[in-house]
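Analysis of the macromolecular model
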Amino acid sequence: MALSAAGWNLDMGRQRLDPGALTALLTHGEETELKTAIDALFSGREVNPSEGRAALHWALRAPPESLSGEGKAAQATLAEADRFASAVHSGGVTTTAGAPFKAIVHIGIGGSDFGPRLLADAFGLGQLDGPALRFCANLDPYDLDAALSGLDPTQTLVVGVSKSFGTEETLYNLGRARGWLSGRLGAAWPAHMAIVTANRARAADWVGADGAHVFDMPLTVGGRYSLWSAASVSVGCAGGMAPLEALRSGANAMDRHVREAEARHNLSVRLALLDYWNACVLSHTQRVALAYARRLRLLPTYLQQLEMESNGKSVTPQGAPIAGPTAPALWGGEGSIGQHSYHQWLHQGTQAVATEFILALTPGAEPEGNRALSAHALAQVEVLANGRSLAEVRAEEPDLAPHIAAQKVHAGGRPSTVLFCGDLGPTALGALIALYEHRTYLAGRLWGVNPFDQWGVERGKTMAAALGPVLTGDATANDPATERLASLVRPAL
């Protein structure tokens, strides 16, 4: 039950999975042709039937000499953005006054925000040294107000990321940021803006004739994989290219493992099979990701989009309904902070859920802190698994009143997985993200869904556009409950 690859150790010994079940799962993986799915991904064949495309996020971190065709073209989109990021970081690209940028504001949403935000937080960018790095994603006007607060437009670079360059939230915030820049810089404002998009023509029309810095995103790289693309240019601007290069190297190491390792020893295959087992056999409708590393505190949020937007579906690519469960709800947080809130529910609540501990240590950190953090993580794993019987409570605390003793009983038998890394840095983070990407792709194969589309998200965007005139009073909602809510909101607008 213990496996390792690319700096990560995986222990599944406390899952409710015996050798017979494991053998059956591996057989099911063969029958579902997981190896064929892996080969299709890495050979650049079509794996996204909704759009008739390959998924080439892995090519953005592959050695250039190993690529050809579409993979090589996808990676080529990085070169210009990487040079720009390096130049901004070193002071080679400057403000209109010829000074280095002192702040960077990254505007995007979904995959255009989650990944770069995770990287910036994990690397500590904009917190201790270098230019300030802030993020804005929400349509709520306060989000941009907070991101721009205290900044000087003459010293700030705004980075906007939208694959389609049609995302309402991003265009709204970019429009406001453009006004903020032009208010001080006048017609020179484009020099303080960088755009990352797959729709360069639309971006060029929005910017105007003078043009900002515009970088390409490949159509074959989905939004949930944006961090590998030029979408992370703000991270390079703030921290230089070394962290991003190490991140890509770690991800490529995990790619090689997933591509080459046989199923029994393949971390992504085994985790995907485990997800299928817990959801479809044990009927766990939730999974909890607990990041025992301050640098990974945003990882559960990142994984929510990666997994639930990818596999939160109930119909096959051929339009047939799926009989059983698919992806569970995923949530989580930062250990050991969560121990003082929702861990009570994990231990003694009425619903048993599969729990995942990601214990990652920072070398050189204060040793006692690392020891204490590790002890707390391992303790949580043990208590979830073994529980505490009434006999144990009475033996350890013989003077307790019976009704208090009963409240201290832990059922146990709650499954958990541990991912451990003793050297958490950009390389290890890249490997971890790639591990989860491949796990998600393969779990989608097991459930029979296309993990590369998101029709539910698209429907929400369409409805939001239709309700705009309703909120201005220029139209009436077709749905009476929506009209009632709109009438409540209108006076406040």
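Residues numbered from 1 in each chain as written. Predicted model: local features only at pLDDT ≥ 70, side-chain atom pairs only at ≥ 80, totals over all residues. Heavy atoms only, no water.

**Quick word on the overall build of the chain**
On a plain count of helices and strands, the chain comes out with 18 helices and 11 strands. Expected size for 493 residues packed as a compact globule is a radius of gyration near 23 Å; at 24 Å, the chain falls within 12% of this value. Dimensions of the chain, computed from C-alpha atoms along their principal axes, come out at roughly 75 × 60 × 55 Å. Residues classed as buried in the chain amount to 49% of the 493 residues present. The contacts in the chain between residues at least 6 apart in sequence include a share of 73% that link residues at least 24 apart. Total accessible area on the chain is roughly 21400 Å²; 54% of this is exposed by carbon and sulfur atoms. (Helix = DSSP H or I, 4+ residues; strand = E, 2+ residues; numbered from the N terminus. Rg over C-alpha atoms; globule rule 2.2 N^0.38 Å. Buried < 20%, exposed > 50% of the residue type's maximum accessible area, 1.4 Å probe, protein only. Contact = heavy atoms within 4.5 Å. Areas by Shrake-Rupley, 256 points an atom, 1.4 Å probe, with all protein chains shown as cover.)

**Brief notes about unusual backbone geometry**
Cis rather than trans, the peptide bond between Gly335 and Ser336 has omega equal to 5 degrees. Residue placement: Ser336 occurs in the loop between strand S9 (329–334) and helix H12 (343–348). Look at Glu33: it is not a glycine, yet its phi comes out positive at around 60 degrees. Along the polypeptide, Glu33 turns up in the loop between helix H1 (19–31) and helix H2 (34–42). Taking the relative accessible area as the measure of exposure, Glu33 reaches 41% and is therefore partly exposed. In this model, Ser283 sits at a positive phi of 60 degrees, which is unusual for a non-glycine residue.

**Some remarks on the sheet that holds strand S2 (residues 8–14)**
Read across the sheet, six strands follow the order S1-S2-S11-S10-S8-S9 without closing on themselves; strand pairing throughout is mixed. Looking at the sheet topology across the chains shown, the edges are occupied by strand S1 (2–5) and S9. Averaged over neighbouring strand pairs, the angle between their axes works out to 15 degrees when direction is ignored. When S2 meets strand S11 (residues 416–421), the two strands line up antiparallel, connected through four bridges. Bridge pairing in S11 links Asp11 to Val418. The sheet strands contacting helix H13 (residues 367–386) are S2, strand S8 (286–292), strand S10 (354–360) and S11, and the helix crosses S10 at an angle near 160 degrees. (Pairing = 2+ DSSP bridges. Axes fitted to C-alpha atoms, helices over the stretch in contact; angles between N-to-C directions.)

**Topic: the sheet that holds strand S7 (residues 213–216)**
With parallel pairing, the five strands of this open sheet are ordered in space as S4-S3-S5-S6-S7. For this open sheet the edge positions go to strand S4 (132–136) and S7, each flanked by a neighbour on one side alone. Mean inter-strand twist for the sheet, computed between neighbouring axes without regard to direction, equals 20 degrees. As defined by bridge partners, strand S3 (residues 103–107) adjoins S4 across five bridges and the pair is classed as parallel. Residue pairing for S4: His106 is matched across the bridge by Phe135. Along the sheet, helix H4 (residues 111–123) makes contact with S3, S4 and strand S5 (156–161), crossing S4 at roughly 150 degrees. Packed on one face of the sheet, helix H7 (residues 200–207) meets strand S6 (193–197) and S7 and runs near 155 degrees to S6.

**Let's talk about empty space enclosed by the protein**
For the structure on display, the rule yields five cavities of 30 Å³ or more. Taken as a whole, the largest cavity spans an internal volume of roughly 60 Å³. Around the largest cavity sit Asp275, Arg287, Glu307, Asn311, Ala327, Pro328, Arg439, Thr440, Ala443 and Trp447, which together line it. Of all the secondary-structure elements, those providing two or more residues to the lining of the largest cavity are helix H11 (299–311) and helix H16 (426–447). Ranked by the residues each element gives to the lining of the largest cavity, the list is headed by H16, at four residues. Of the residues that constitute the lining of the largest cavity, the class distribution is four nonpolar, two polar and four charged. There is about 50 Å³ of room inside the second largest cavity. Along the walls of the second largest cavity sit Asp275, Asn278, Ala279, His284, Gln286, Arg287, Pro328 and Ala354, which together make up its complete lining. Listed by contribution, the elements that provide at least two residues to the lining of the second largest cavity are helix H10 (267–281) and S8. (1 Å grid on protein atoms, 1.4 Å probe; cavity = no way out; pocket = protein on both sides within 12 Å on 5 of 7 lines; lining within 4 Å. Points joined across faces, edges and corners; volume = space filled by probe spheres on them. Nonpolar A, V, L, I, M, F, W, Y, C, P; charged D, E, K, R; others polar.)

**Notes on H7**
Restricting attention to buried positions, one finds in H7 the residues Ala203, Trp206 and Val207. One face of H7 carries all of its buried residues, which in axial projection span an arc of 95 degrees. Exposed and facing more than 90 degrees away from the buried side of H7 are Ala201 and Asp205. Lining the buried residues of H7 we find helix H6 (168–185) and S6. (Arc of directions from axis to C-beta.)

**Quick look at the environment of Ala242**
Looking at the secondary structure, you find Ala242 in helix H9 (residues 242–260). Along the sequence, Ala242 and Ser43 sit 199 residues apart, while their C-alpha atoms lie 28 Å from each other.

**Regarding the pairing of S3**
Regular strands place their side chains on alternate faces of the sheet. Burial analysis of S3 places five of its five residues in the buried class, the great majority of the element. Along S3, one buried face is formed by Ala103, Val105 and Ile107 and the opposite face, lined by Ile104 and His106, is buried too. Of the strand pairs in this sheet, S3 and S5 are connected by five bridges, and their pairing is parallel. Each bridged residue has a counterpart across the sheet, and for His106 the counterpart in S5 is Val159.

**Topic: the pattern of salt bridges**
Applying the stated criterion across every chain, the model contains 25 salt bridges. Of the charged contacts, one joins Arg297 and Asp121 as a salt bridge, the two residues approaching to 2.8 Å between their closest N and O atoms. Of this pair, Arg297 sits in the loop between S8 and H11 while Asp121 sits in helix H4, placing them 176 residues apart in sequence. A residue is classified by how much of its surface remains accessible, and Asp121, at 10% relative accessible area, is buried. The salt bridge involving Arg439 is made with Glu356; its shortest N-O contact spans 2.8 Å. With Arg439 in helix H16 and Glu356 in strand S10, this residue pair connects regions lying 83 residues apart in the sequence. Neither residue differs from the other here; Arg439 and Glu356 are each classed as buried. Within the structure, one salt-bridge network assembled from shared partners comprises Asp275, Arg287, Glu307, Glu356 and Arg439. (Salt bridge = Lys/Arg side-chain N within 4 Å of Asp/Glu carboxyl O.)

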